[in-house]
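Coordinates in review
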2 protein chains.
Amino acid sequence: MNLTRAQRAQLALALEVCATPTPGNVDRHREYPDLRFEHFLAGAIGAHDGLELAAEHGPDATGIGRAFEHAVEGMSQQEGGNTQFGALLLLVPLVRSAAKGSLSPDGATAVINTTTSGDAAEFYRAFDHVNVSVKSPPENLEDLDVRLGADAIPAVKERGLTLKAVMKHAVDRDGIAREWINGFERTFEAADRIENKGGTVPDRTAKTFLELLAAEPDPFVAIQHDEATAQETSERAAAALAGEIDPSTLGESFVSEGINPGTTADLIAGGLYVALEGGVSV
Amino acid sequence: MNLTRAQRAQLALALEVCATPTPGNVDRHREYPDLRFEHFLAGAIGAHDGLELAAEHGPDATGIGRAFEHAVEGMSQQEGGNTQFGALLLLVPLVRSAAKGSLSPDGATAVINTTTSGDAAEFYRAFDHVNVSVKSPPENLEDLDVRLGADAIPAVKERGLTLKAVMKHAVDRDGIAREWINGFERTFEAADRIENKGGTVPDRTAKTFLELLAAEPDPFVAIQHDEATAQETSERAAAALAGEIDPSTLGESFVSEGINPGTTADLIAGGLYVALEGGVSV
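The structure reproduced in this document is the subject of the present report. (Residues numbered from 1 in each chain as written. Chains lettered and ligands numbered in written order. Predicted model: local features only at pLDDT ≥ 70, side-chain atom pairs only at ≥ 80, totals over all residues. Heavy atoms only, no water.)

This part covers the overall build of chain A. The helix and strand inventory of chain A stands at 16 helices and zero strands. Taken over the C-alpha trace, chain A has a radius of gyration of 18 Å; the compact-globule value for 282 residues is 19 Å, and the two agree within 12%. Along the first, second and third principal axes, the C-alpha atoms of chain A reach 55 × 50 × 35 Å. Of the contacts made within chain A by residues no fewer than 6 positions apart, 69% connect residues no fewer than 24 positions apart. (Helix = DSSP H or I, 4+ residues; strand = E, 2+ residues; numbered from the N terminus. Rg over C-alpha atoms; globule rule 2.2 N^0.38 Å. Contact = heavy atoms within 4.5 Å.)

Written out as structure tokens, the structure reads:
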């Protein structure tokens, strides 16, 4: 016996929030008054059934849009709100590609390429379960605003958009959409970094978090603040990596400033899943 | 939608280890070098399928011995060893009684009363998945030593013992066996205490942990040390409750002394499950 693929994805979610410090994000040692550690644990546990759907394969498998929507519904059975929406949006196609025996940039892209407008509709439905902070779409795409939830489905169907096409429209403003379109490049990079370090998995993960954040501004910080803040956040992460700031102190600062590099956390969760499938264990 | 019963039991396991400080036990802020926080999270996630079996009901439901053995197998898919054996031994009959619509001391006892020698055999098999620290049985019961694992099954069958009867033999030396025989008295007391406090669920849980530990010596501490140490541990917990010692400081002391009130943690996990079924939410 071993953990199932769905359970490995759940463990990835749990390990991401267990790793500390992940400055600005909820972790073992830091939380926000209304978004607490236990909300993430409940989110990871509740996502099980949707992740099980993602782990199906073969011609009769449930679409990944529906698997995602169901995982989000399960995740949202706690009072913290959106805990792992972005992480699940990475995990679902990764789990499916693993189930198909090809957990790789090409394998994940092959899964993305099979998405339909039915998957897109389910994706929109997922936004009805939880409030997600996203950037507004450009004016010509206002009818596709994900914040419309299921109300956008007629426009999605009229335009005949697959879920991949929906993501392509968001690639410039959303870090998860970028992963979908770019072969999950940063997710697999996170996995490599986690696999190749020493120490406990949470310690390796925390280090990798800082490395990813230092390397590229977090799109979620840009949404909640602005591009300049996101850029500065990365520079401060780089300073922590260089030993110029204590990462825990940086965490306190980010929390008090409301700087929450959530996309980087999502990439870490995806990377942890890939690493767990690759043989990393706790 | 809502969490399933199995997921609520998993959440109970996760919340128990999330609550801090629970002096002497692994929690968010304290762990042992080889028994770490992430092992408990992996244990909670891995226990899913066995807990799903426990949540069956009706005449064709899987026996609770088998549900327990399967939950333990899943729990043990991590490198920390025994994380939640005792907690699962409480949770499995509680989940079954909840599934039967009667989560109460009487309902749980009714479940216990239906156990067979087949359940007892599966219980012994569970010990093959993980090393569990237990007291040696008296001389006339040496062939029933749980540490024999499946090798004890012939003796169990020869004596025609149900799982309840096996527990009855251990009632004087094991705190979980005592719960099985005494209508889960302390488990339901833990639930009441968690339900009736204010604050976050982890905070209520940590307080309840100290209360339970102060009220009765922990049998697991007695096994790992002796009765006097267990008694003294309770007195120190009482002092922490009274504000004479900081509970976190007490936690550091217990960890450095290797005092690990594991049975109290198990009771808390059971109590959390009952509280979650009763409407407590995170």
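Counted according to the given criterion, the structure contains 36 salt bridges over all chains. Salt-bridge contacts for E31 of chain B lead to R28 of chain A; the nearest nitrogen and oxygen are separated by 3.3 Å. Here E31 of chain B is found in the loop between helix 1 (5–18) and helix 2 (37–46), whereas its partner R28 of chain A is found in the loop between helix 1 (5–18) and helix 2 (37–46) on a different chain. Residue E31 of chain B is classed as partly exposed on the basis of its relative accessible area of 29%. (Salt bridge = Lys/Arg side-chain N within 4 Å of Asp/Glu carboxyl O. Buried < 20%, exposed > 50% of the residue type's maximum accessible area, 1.4 Å probe, protein only.)

A few words on the nonpolar core. One recurring pattern in soluble globular proteins is that nonpolar side chains are buried together. The biggest cluster of nonpolar side chains holds 191 residues, and the ones touching the most others in it are L88 and F123 of chain A together with L88 and F123 of chain B. Not counting residues within four places of it along the chain, the set of residues in contact with L88 of chain A comprises L13, A47, L51, F68, A71, V72, M75 and P93 of chain A. (Core = buried A, V, L, I, M, F, W, Y, C linked by side-chain atoms within 4.5 Å.)

With that settled, consider the interface of chain B and chain A. When the parts of a complex come together, some accessible area is lost, and that lost area is often taken as the interface size. Residue-level contacts link 35 residues of chain B with 35 residues of chain A. Where chain B abuts chain A, roughly 3000 Å² becomes buried across the two surfaces, and 64% of that area is made up of carbon and sulfur atoms. Summed over the three residues of chain B that lose the most area to chain A, namely M1, R28 and I45 of chain B, the buried surface amounts to 25% of that side. On the surface where chain B and chain A come into contact, there are nine residue pairs in polar contact (both at pLDDT 80 or more). Elements with a minimum of two residues in the side of chain B that touches chain A: helix 1, helix 2, helix 3 (48–54) and helix 4 (64–75) of chain B. Among the elements that make up the side of chain B that touches chain A, the one with the highest residue count is helix 2 of chain B (seven residues). (Buried area = accessible area lost by both parts, 1.4 Å probe. Polar contact = N/O pair within 3.5 Å; in protein donor to acceptor, adjacent residues only side chain to side chain.)

Leftover empty space is mapped by rolling, across the atoms, a probe with the size of a water molecule. As enumerated under the stated definition, the model contains two cavities of 30 Å³ or more in all. The volume enclosed by the largest cavity comes to roughly 50 Å³. Together, A14, L41, A44 and I45 of chain A together with A14, L41, A44 and I45 of chain B line the largest cavity. Within the residue set of the lining of the largest cavity, elements represented by two or more residues are helix 2 of chain A together with helix 2 of chain B. Taken together, the residues that form the lining of the largest cavity break down as eight nonpolar, no polar and no charged. Quantified by volume, the second largest cavity comes out at close to 30 Å³. (1 Å grid on protein atoms, 1.4 Å probe; cavity = no way out; pocket = protein on both sides within 12 Å on 5 of 7 lines; lining within 4 Å. Points joined across faces, edges and corners; volume = space filled by probe spheres on them. Nonpolar A, V, L, I, M, F, W, Y, C, P; charged D, E, K, R; others polar.)

The next point concerns the environment of D266 of chain A. Residues and elements named next belong to chain A. Along the polypeptide, D266 turns up in helix 16 (residues 262–277). Looking at D266, the relative accessible area reads 13%, which means it is buried. Along the sequence, D266 and L88 sit 178 residues apart, while their C-alpha atoms lie 8.0 Å from each other. When residues no more than four places from it in sequence are discounted, the contact partners of D266 are G86, A87, L90 and I176.

For the rest of this paragraph, the subject is helix 14 (residues 227–241) of chain B. Residues and elements named next belong to chain B. The end-to-end C-alpha separation of helix 14 is 21 Å, in line with the 21 Å expected for 15 residues at 1.5 Å each. Of the residues making up helix 14, those classed as buried are T229, A230, T233, S234, R236, A237, A239 and A240. Along its buried surface, helix 14 packs onto helix 12 (201–215), helix 13 (219–224) and helix 15 (247–257). Where helix 14 begins, the side chain of D226 points an oxygen toward the backbone nitrogen of A228, at a separation of 3.2 Å. (Expected span 1.5 Å × (residues − 1).)

Moving on, we get to unusual backbone geometry. Residues and elements named next belong to chain A. Residue P21 follows T20 across a cis peptide bond; omega there is -5°. Inspection of the secondary structure assignment puts P21 in the loop between helix 1 and helix 2. At F184, a residue that is not glycine, the phi angle is positive and equals roughly 55°.

Residue and element names in this part refer to chain B. Where helix 11 (residues 185–196) contacts helix 16 (residues 262–277), the axes come no closer than 7 Å and their chain directions differ by 60°. Here helix 11 lies oblique to helix 16, going by the angle between them. Along this stretch, helix 11 crosses helix 16, giving a crossing that reads as right-handed. The segment helix 11 lies against helix 16, with R186, T187, F188, A190, A191, I194 and E195 engaging L267, I268, G270, G271, L272, V274 and A275. Residue classes in the contact of helix 11 with helix 16 are distributed as nine nonpolar, three polar and two charged. (Axes fitted to C-alpha atoms, helices over the stretch in contact; angles between N-to-C directions. Parallel < 35°, antiparallel > 145°, perpendicular 65-115°, else oblique. Left-handed = near helix turned anticlockwise from the far one by under 90°.)

Okay, the packing of aromatic side chains next. Scanning the model with the defined rule gives 11 aromatic pairs over all chains in all. When the ring of F123 of chain A is compared with that of Y124 of chain A, the centres are 5.7 Å apart and the planes differ by 85°; the resulting orientation is edge-to-face. Here F123 of chain A and Y124 of chain A have matching classes, each one buried. Consider the rings of F123 of chain B and F127 of chain B, whose centres lie 5.1 Å apart with planes at 85°: the pair is edge-to-face. Members of the aromatic cluster, joined through ring pairs, are F68, F85, F123, Y124 and F127 of chain A. (Phe/Tyr/Trp six-rings, centres within 6.5 Å; stacked < 30°, edge-to-face > 60°.)

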